[in-house]
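Here are the chains, one letter per residue:
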Amino acid sequence: ALVALAAIGGAAGLYLLALDQTAAPRPTRAGPVALASAQEATARAEELVSLTLDSLYLAFQETEEGAIYDALARSAEGPALEALYLQRRAALEDRGLEGAEQAIHELEVLQATAERSSAGLGVDARWRVLGVVGHARHRHMRGNAYAARLDYARRAGAWRLVGFDLTAVARP
């Protein structure tokens, strides 16, 4: 529920930090990322991934179908948009998470290596997330670590996510 971005293996390493569950959620930013060129995006790959993930996790906080899709469409398109949307809907339905609450408190990009690709830019990234998930009256902390290949295409002056291939997940 905290993350509908699926499954990371041991290499990324899971972490959990002590955190006041009443603390304010981590602020997020939604939308495509405007970096001037593939060269700049490659040099600033960690920032590109961080801003993209902020946008995706903001979308994953939604529970209504239309709101999920609209929020994801701010930074993703094509196959990435479709796959992430369907994944989130399945997580909500399969795990009985309708009405679930979640808040991201910390997101850290551990590594991001970019290269030019057929789509425009490909980034191999690893990150970890810490947040609170709640169902009815029950709330708990969750920390997950992930690795994925993110493919970006430049559209209307901004980098948009067009491919998302999750390669590993570590969950407690």
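To keep things clear, this report deals only with the structure shown in the data block. Residue positions within a chain follow its written sequence, with the count starting from 1. Restriction of local features to residues with pLDDT of at least 70 applies here, the model being predicted, together with a cutoff of 80 or more for giving and counting side-chain atom pairs; totals for whole chains, interfaces and linings are based on all residues. The side-chain figures draw on all heavy atoms in the structure; neither hydrogens nor water molecules are used.

The next point concerns the packing of aromatic side chains. In this scheme Phe, Tyr and Trp rings, the latter by its six-membered ring, pair at centre separations within 6.5 Å, and the angle between planes marks the pair as stacked below 30 degrees, edge-to-face above 60, and tilted otherwise. Scanning the entire structure with this criterion turns up four aromatic pairs. Aromatic side chains Tyr57 and Phe60 sit 6.1 Å apart centroid to centroid with 90° between the ring planes, which places their arrangement in the edge-to-face category. Highlighted residues: Tyr57 and Phe60, both in helix H2 (residues 45-60), separated by three residues, approximately one helical turn. Take Tyr57 and Phe60: they sit in the same class, and that class is buried. Their ring planes at 20° and their centres at 5.6 Å tell us that Trp127 and Tyr146 sit as a pair that is stacked. Pair noted here: Trp127 is in strand S2 (residues 121-135) and Tyr146 is in strand S3 (residues 138-155), with a separation of 19 residues, a long-range link. An identical accessibility class is assigned to Trp127 and Tyr146; each is buried. What counts as a helix is a DSSP run of H or I of at least four residues, what counts as a strand is a run of E of at least two, and both are numbered from the N terminus. To sort residues, take the accessible area from a 1.4 Å probe on protein chains only and compare it with the maximum for the residue type: under 20% means buried, over 50% means exposed, and anything in between is partly exposed.

Moving on to the pattern of salt bridges. Between side chains of opposite charge, pairing is possible as soon as their charged atoms come close. Basic side-chain nitrogens of Lys or Arg form a salt bridge, by our definition, when they fall within 4 Å of a carboxyl oxygen of Asp or Glu. This model, assessed by the stated rule, comprises eight salt bridges. In this structure, Glu77 engages Arg155 in a salt bridge whose closest nitrogen and oxygen atoms are separated by 2.6 Å. Here the residue Glu77 occupies a position in the loop between helix H3 (65-73) and helix H4 (78-94), and Arg155 occupies one in strand S3, the gap between them amounting to 78 residues. Among the residues examined, Arg155 registers a relative accessible area of 39% and is labelled partly exposed. Connected via shared salt-bridge partners are Glu115, Asp124, Arg149 and Asp151.

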